[in-house]
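# Structural features, examined
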Amino acid sequence: SAVISQKPSRDICQRGTSLTIQCQVDSQVTMMFWYRQQPGQSLTLIATANQGSEATYESGFVIDKFPISRPNLTFSTLTVSNMSPEDSSIYLCSVSGVAGELFFGEGSRLTVL
Amino acid sequence: GENVEQHPSTLSVQEGDSAVIKCTYSDSASNYFPWYKQELGKGPQLIIDIRSNVGEKKDQRIAVTLNKTAKHFSLHITETQPEDSAVYFCAASLTSGGSYIPTFGRGTSLIVHP
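Reading the values: rules and limits
- Residues numbered from 1 in each chain as written.
- Chains lettered and ligands numbered in written order.
- Predicted model: local features only at pLDDT ≥ 70, side-chain atom pairs only at ≥ 80, totals over all residues.
- Heavy atoms only, no water.
- Pairing = 2+ DSSP bridges.
- Helix = DSSP H or I, 4+ residues; strand = E, 2+ residues; numbered from the N terminus.
- Axes fitted to C-alpha atoms, helices over the stretch in contact; angles between N-to-C directions.
- Contact = heavy atoms within 4.5 Å.
- Buried area = accessible area lost by both parts, 1.4 Å probe.
- Salt bridge = Lys/Arg side-chain N within 4 Å of Asp/Glu carboxyl O.
- Polar contact = N/O pair within 3.5 Å; in protein donor to acceptor, adjacent residues only side chain to side chain.
- Nonpolar A, V, L, I, M, F, W, Y, C, P; charged D, E, K, R; others polar.

## Quick notes on the sheet that holds strand 1 (residues 4-7) of chain A
Residue and element names in this part refer to chain A. Pairing within the open sheet is antiparallel, and its four strands lie in the order 1-3-8-7. Whereas interior strands pair on both sides, the edge strands pair on one side only; in this sheet they are strand 1 and strand 7 (68-72). In this sheet, adjacent strand axes meet at a mean angle of 15° when their direction is disregarded. Taken together, the three bridges between strand 7 and strand 8 (residues 75-80) define a ladder with antiparallel strand orientation. Opposite asparagine 72, over in strand 8, you have phenylalanine 75 as the bridge partner.

Dropping the structure here:
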């Protein structure tokens, strides 16, 4: 299993500002995943972050809006840029286990006013 | 791509009753089907999974069944307890070549009344 720590756990932000979410894993992993969970909704993959290369974004998500860093095998950040109320969501960091299962952080709950 | 449908969206039961959540998938190549439980204010946590070479798997009060022909799988919780109250997500994926990108269902909010 993997233990994933996310910061901040929650934040309230003003429209037009940016917020960076940090994700720390207790073991080295090749891929880290960032998900968005809008209120009452399912999990939507934003991007896959590999160490040493640019993140791979899913349809509907772009690097300018959600820049991702992956400086080493245990850490990643996701920035939500130029926020609007529609960005109010839970953002989840995740890693894959050897059997294909996912381990998630506790999530970062973002409210944009 | 894969499409996963999950029903019901909300399920309310009395403590001690059984609960069943059903999912269907579209891609016959999918071979891994995990179930996640998300308690309020927490991230999803894997509770049970099944692979395509198995028809049923049990772990104490929870079980998962898979019908590959019909492309559906179900989560069964027996003797429900209030602490089973949470949102449950099913997922389907193809695990090969070291990559793993699951498609999630929309979730089922299970409420167990004491």
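Back to the text.
## Here we look at the interface of chain B and chain A
Each partner contributes residues to the interface: chain B has 19 residues there, and chain A has 19 residues. Together, the buried faces of chain B and chain A total about 1,500 Å²; carbon and sulfur atoms form 57% of this surface. Considering only the surface of chain B that becomes buried against chain A, Pro44, Tyr100 and Phe104 of chain B emerge as the three largest contributors, covering 32% of it. Taken together, the connections running from chain B to chain A amount to zero salt bridges. Applying the counting criterion to the chain B and chain A interface returns six residue pairs in polar contact (both at pLDDT 80 or more). Those elements that provide at least two residues to the side of chain B that touches chain A are strand 4 (32-38) and strand 5 (45-51) of chain B. Element by element, the count of residues in the side of chain B that touches chain A is highest for strand 4 of chain B, at three residues. Looking at the side of chain B that touches chain A residue by residue, the class counts come to nine nonpolar, seven polar and three charged.

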